[in-house]
Amino acid sequence: MTDKTMAMTSSEGNWDYPLIPGSVGPEVVDIRKFYGQTGMFTYDPGFTSTASCQSAITYIDGEKGILLHRGYPIDQLAENSTFMEVSYLLVHGELPKAKELDQFTYTISRHTMLHEQLSTFYRGFRRDAHPMAIMCGVVGALSAFYHDSTDITDPEQRMIATHRLIAKMPTIAAMAYKYSVGQPFMYPDNSVSYTGNFLRMTFGVPAEAYEVNPVIERAMRRIFILHADHEQNASTSTVRLAGSSGANPFACIAAGIACLWGPAHGGANEAALNMLREIARPENIPEYIARAKDKDDPFRLMGFGHRVYKNYDPRAKVMQQTAEEVLKELGISDPVLDTARELEQIALKDDYFIEKKLYPNVDFYSGVILNAIGFPTEMFTALFALARTVGWVAQWNEMISDPEQKIGRPRQLYVGATQRDYVEVGER
Ligand code: CMC
């Protein structure tokens, strides 16, 4: 806190509100006493000017296109680290020393299996259930299976729940896929990496040994790292809001998964690939650009634009490079990638997109890679949820440990009917 303040004057009086600086980025005006002093609320639908919490996990400079996890640039992490290392960093605040990383990796590997009865739970879903519907259900149901890690007042139980969630998400997502294709569930193999194990549980079968392709594994590792956390986005804020009431961590993460599913958020990767397939050929691009610009058409260019980034999303750059690498390795020439490249070039030169600062986001190229690896489109958002779980649990832990934490309870601008008397049904 500094002694800087922001003065506010209205016909009702004058008030001073303290300014609080962050380590980097905009200062915030501390309006906690605003209602008590002025009798007014602030109004900010979509929270475009509101900091809902203090956090030391992720920093975004949307103007410059910078994303830092605990201070480290995302492209450096995507290039050099493993998902286990980034998970440790997000949860504990520092990059692990070699021994700490070994211990963390060992602990996570010891929690990868699911309670056997959960496989029965899967069988309650229709075969054509969307994997995100299964993820919401199964992750929420974990609270019914792991009672010994739901006491949120106990830091040790919170850490066990954190490890369980990070460890079990690949198993849960892979089982959702296996269920949809009618193949047997694959148990985890703790002798391979986190990403290798996920690929094996998804694409392997019990009848054959599964060889992890190192290029695919590297691409998957990058995708997981690029999705690991992203500050106070909609699903993370949902996890925090759910957790603020004291709900258990499994229920909170299930709430985050539900929020992520929407096409304006995590569902955009699925929507972006569907859109690129629909465009089909570069010559159709102008028609779709025109639709995206038309105020009377609800169509938007999926994988384009961002609430915070008013520059190229740094994750999209790594994603594009990874898409090129994966397609080359697999010897695939995908017209969808050509369409994506062409669409990007046209949009970036178009006045509408330049003026509104709309650039490709993380979801623009990820679908091309996931499709090439062999994931069906419906699995894309489930993979996002898998990777984002580490960010969600890191943010949830930070919130529970914050002495300023309170139940989240926004107010409103009421515009409904004023008080009136009940009228009997026959007299209405
Ligand atoms: N195509 C066409 N126009 C767009 C797009 C787009 N993709 N995105 C924003 N605009 C326009 C929008 O119509 C508005 O125009 P105007 O000022 O004339 O009304 C202006 O740009 C500002 O848009 P907004 O909707 O007010 O911005 P927002 O911050 O509320 O929305 C967004 C951000 C990501 C929801 C939006 O850009 C969008 O819907 N993009 C497509 C979906 C998408 O790719 N989502 C993934 C986001 S990144 C991963 C994640 O967070 O999960």
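Up top is the structure these notes are about.
Okay, so let's go over this structure.

Criteria and thresholds
Residues numbered from 1 in each chain as written. Predicted model: local features only at pLDDT ≥ 70, side-chain atom pairs only at ≥ 80, totals over all residues. Heavy atoms only, no water. Helix = DSSP H or I, 4+ residues; strand = E, 2+ residues; numbered from the N terminus. Buried < 20%, exposed > 50% of the residue type's maximum accessible area, 1.4 Å probe, protein only. Contact = heavy atoms within 4.5 Å. Areas by Shrake-Rupley, 256 points an atom, 1.4 Å probe, with all protein chains shown as cover. Lys, Arg positive; Asp, Glu negative; His and termini not counted. Charge placed at Lys NZ, Arg CZ, Asp CG, Glu CD. Polar contact = N/O pair within 3.5 Å; in protein donor to acceptor, adjacent residues only side chain to side chain. Salt bridge = Lys/Arg side-chain N within 4 Å of Asp/Glu carboxyl O. Pairing = 2+ DSSP bridges. Expected span 1.5 Å × (residues − 1). 1 Å grid on protein atoms, 1.4 Å probe; cavity = no way out; pocket = protein on both sides within 12 Å on 5 of 7 lines; lining within 4 Å. Points joined across faces, edges and corners; volume = space filled by probe spheres on them. Nonpolar A, V, L, I, M, F, W, Y, C, P; charged D, E, K, R; others polar. Phe/Tyr/Trp six-rings, centres within 6.5 Å; stacked < 30°, edge-to-face > 60°. Lys NZ or Arg CZ within 6 Å of the ring centre and 35° of its normal.

## Let's talk about the overall build of the chain
Along the backbone of the chain there are 18 helices and six strands. Dimensions of the chain, computed from C-alpha atoms along their principal axes, come out at roughly 75 × 65 × 60 Å. Across the 428 residues of the chain, 48% fall into the buried class. If you take every contact in the chain between residues at least 6 apart in sequence, the share linking residues at least 24 apart comes to 70%. Total accessible area computed for the chain in this model is approximately 21500 Å², and 52% of it derives from carbon and sulfur atoms. Considering the chain, the positive charge centre built from 41 side chains and the negative charge centre built from 52 side chains are found 2 Å apart.

## A closer look at the environment of Asp-30
Secondary-structure assignment places Asp-30 in the loop between β3 (28-29) and α1 (34-38). Linking Asp-30 and Glu-378, residues 348 residues apart in sequence, is a C-alpha distance of 42 Å. In terms of polar contacts, Asp-30 uses its side chain to reach the side chain of Arg-32, at 2.9 Å.

## Points about the side chain of Thr-322
With respect to the secondary-structure elements, Thr-322 resides in helix α14 (residues 314-330). Discounting residues that sit within four places of it in the chain, Thr-322 has contacts with Ala-219, Arg-222 and Ile-369.

## Side note on the pattern of salt bridges
In total, this model carries 18 salt bridges according to the counting rule given. In this structure, Asp-30 and Arg-32 form a salt bridge, with 2.9 Å as the shortest nitrogen-oxygen distance. By relative accessible area, which is 55% here, Arg-32 ends up exposed. Here Asp-297 makes a salt bridge to Arg-291, at a shortest N to O gap of 2.8 Å.

## With respect to the sheet that holds strand β6 (residues 72-73)
Across the sheet, three strands lie side by side as β4-β5-β6; this open sheet has antiparallel pairing. The sheet is open, and its two edges are formed by β4 (58-61) and β6, each paired on a single side. When β4 meets strand β5 (residues 66-69), the two strands line up antiparallel, connected through four bridges. Across the sheet, the residue bridging to Asp-61 is Ile-66, located in β5.

## Focus on helix α11 (residues 249-260)
Taking 1.5 Å per residue, 12 residues should reach 16 Å; α11 reaches 16 Å between its end C-alpha atoms and fits that length. Within the sequence span of α11, burial applies to Pro-249, Phe-250, Cys-252, Ile-253, Ala-254, Gly-256, Ile-257 and Leu-260. Tucked into the core, α11 has its buried residues touching α6 (131-145), α7 (155-181), α10 (234-244) and α18 (380-401). By the N-cap criterion, in which a side-chain oxygen at the helix start approaches the backbone nitrogen of a residue two or three places on, α11 is capped by Asn-248, the distance to Phe-250 being 2.9 Å.

## Side note on the sheet that holds strand β1 (residues 5-10)
Read from one edge to the other, the open sheet built from three strands follows the order β1-β2-β3, with strand pairing classed as antiparallel. The sheet is open, and its two borders are formed by β1 and β3, each paired with just one other strand.

## Some words on the pairing of β1
One ladder, built from six bridges, connects β1 with strand β2 (residues 13-20); its direction is antiparallel. Counted as the bridge partner of Ser-10 is Gly-13 from β2.

## Regarding empty space enclosed by the protein
Per the stated rule, a full pass over the model turns up one cavity of 30 Å³ or more. Volume-wise, the largest cavity comes out at about 30 Å³. When residues in the lining of the largest cavity are grouped by element, the largest group, four residues, is from α18. Looking at the lining of the largest cavity residue by residue, the classes come out as seven nonpolar, two polar and no charged.

## Some remarks on the packing of aromatic side chains
Centre-to-centre distance and the angle between the planes together describe a pair of aromatic rings. Scanning all chains against the criterion turns up 19 aromatic pairs. One aromatic cluster is present, built from ring pairs that chain together Phe-83, Tyr-177, Tyr-194, Phe-198, Phe-203, Phe-224 and Phe-375. In this arrangement the basic side chain of Arg-127 is found over the ring face of Tyr-179, its NZ or CZ atom lying 4.2 Å from the centre.

## Remarks on the layout of surface pockets
In this structure, the second largest pocket encloses a volume near 340 Å³. Every element with two or more residues in the lining of the second largest pocket is listed here: α3 (83-92), α4 (98-109), α7, α8 (194-203) and α9 (214-226). Broken down by class, the residue content of the lining of the second largest pocket amounts to nine nonpolar, eight polar and four charged.

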